[in-house]
Amino acid sequence: MTLSLEHTTTSTPTPAQEELTYFRLSRLTPGWSRPLATIGLFILSYLVFMVGLVVIWMQLPFSPDSMSAENLDLNDPAQAAFLGLMLALFIPAGRLTVRLMGRRGTLDSVAGRFRWGLFARSLMLTTGPVLLPLAVIWALDPWAPVVSGRTLGMLAVAVLIIPLQAAGEEYLFRGVLMQVVGHWLRAPIWGLLISLPLFVLGHDYDAWGLAAVGVFAVAATWLTWRTGGLEAAIALHAVNNAVIFALGAFGMADLNETSGTWLDALLSSLIAVGSAAVFAWWWHRTDGDSRYARTTALAQSA
């Protein structure tokens, strides 16, 4: 009589791959409390950069003697430049933070870098939807530009600093904040619900203006999720703000104005939604999902 014994062998589980969207990239650094460390590092980094900016700015001959939120004049090139640089500091603060957290480049995109090719295409796609409504309004009711002593300085601010200011806001609101939320909550809607009111309240407008800002935030969030990075949202934000400051340089817009009408809100919302729609058309037409990664893989234990 032969006794047969069967031995059950166990195999080591193979790593499973979790596909991470841009808003979930914080999970590349494991640990439930890591987002809290990210927030702390970001605030500390920003304060250090801000102190450096203030020290340097006070040495410049054109820096204003006093400046506060109450007397801030965005039609003044020096004050507009300082505010723009102050918001632009979110870029180095955010990038330094994720690097110290061991996630170098992940604040730019799922590719771990800033995709300049996609950014350039996004600029071209965004410029039309931003300028077309303004051109139509001007054709129906032409207004004459006014050249003053501030015009050249304001144009320099519009071209050189305002795009950095717009990028800084995207790195904070669509980048750091949404990735922190995404570490804990999978659905992108949670990051939007938390970052959107902060982004809206960061703008000193009336109800119509804040509504338009909210629509813009939704469009920028969708672009970031769709492309797996900040490039398209930064392009939309930069073109929109630079055009507004350029209009202000020629006296065709009051940059200190905080009130508007439902028509102003509708126009701003149409520009944001129209830009996103044009981008979506281009993305689908060129098979953007194949050309640009929307997710990155994280190996986990099965």
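Residues numbered from 1 in each chain as written. Predicted model: local features only at pLDDT ≥ 70, side-chain atom pairs only at ≥ 80, totals over all residues. Heavy atoms only, no water.

Caption draft 1: Just unusual backbone geometry, in detail. Although it is not a glycine, Asp 287 adopts a positive phi angle of roughly 55 degrees. For Asp 287, the location among the structural elements is in the loop between α10 (262-285) and α11 (288-291). Of the residues examined, Asp 287 reaches a relative accessible area of 43% and is grouped as partly exposed. (Helix = DSSP H or I, 4+ residues; strand = E, 2+ residues; numbered from the N terminus. Buried < 20%, exposed > 50% of the residue type's maximum accessible area, 1.4 Å probe, protein only.)

Caption draft 2: Examining helix α2 (residues 77-88) more closely. For α2, built from twelve residues, the straight-helix expectation of 16 Å at 1.5 Å per residue is met to within 8% by its first-to-last C-alpha distance of 16 Å. Of all the twelve residues making up α2, nine are buried; the element is thus mostly covered by neighbouring parts of the structure. For α2, every residue scored as buried is listed here: Pro 77, Ala 78, Gln 79, Ala 80, Ala 81, Phe 82, Gly 84, Leu 87 and Ala 88. Buried residues belonging to α2 abut α1 (34-58), α3 (90-100), α5 (151-160), α6 (162-184) and α9 (231-249). (Expected span 1.5 Å × (residues − 1). Contact = heavy atoms within 4.5 Å.)

Caption draft 3: Focus on the nonpolar core. Tyr 22, Val 157, Tyr 171, Ile 234, Phe 245, Phe 279 and Trp 282 are the most contacted members of the largest nonpolar core, which totals 61 residues. For this core, the element with the highest residue contribution is α6, accounting for eight residues. (Core = buried A, V, L, I, M, F, W, Y, C linked by side-chain atoms within 4.5 Å.)

Caption draft 4: Up close: the side chain of Asp 76. Relative to the helices and strands, Asp 76 resides in the loop between α1 and α2. One buried charge, Asp 76, has no salt-bridge partner; the nearest side chain with opposite charge is Arg 150, at 4.0 Å. Sequence-distant contacts of Asp 76, that is, excluding residues within four places in its chain, are made with Arg 150 and Met 154. (Lys, Arg positive; Asp, Glu negative; His and termini not counted. Salt bridge = Lys/Arg side-chain N within 4 Å of Asp/Glu carboxyl O.)

Caption draft 5: Spotlight on the packing of aromatic side chains. Scanning the model with the defined rule gives 14 aromatic pairs in all. Look at Trp 32 and Trp 184: their rings are 5.3 Å apart centre to centre, the planes differ by 35 degrees, and that puts the pair in the tilted class. With Trp 32 in the loop between β1 (16-21) and α1 and Trp 184 in helix α6, the pair connects residues that are 152 residues apart, well separated along the chain. You can call Trp 32 exposed: its relative accessible area is 64%. Judged by centre distance (5.7 Å) and plane angle (25 degrees), the rings of Phe 279 and Trp 283 are stacked. Here Phe 279 and its partner Trp 283 are both found in helix α10, four residues apart, which amounts to about one turn of the helix. Judged by relative accessible area, Phe 279 falls into the buried class, the value being 2%. (Phe/Tyr/Trp six-rings, centres within 6.5 Å; stacked < 30°, edge-to-face > 60°.)

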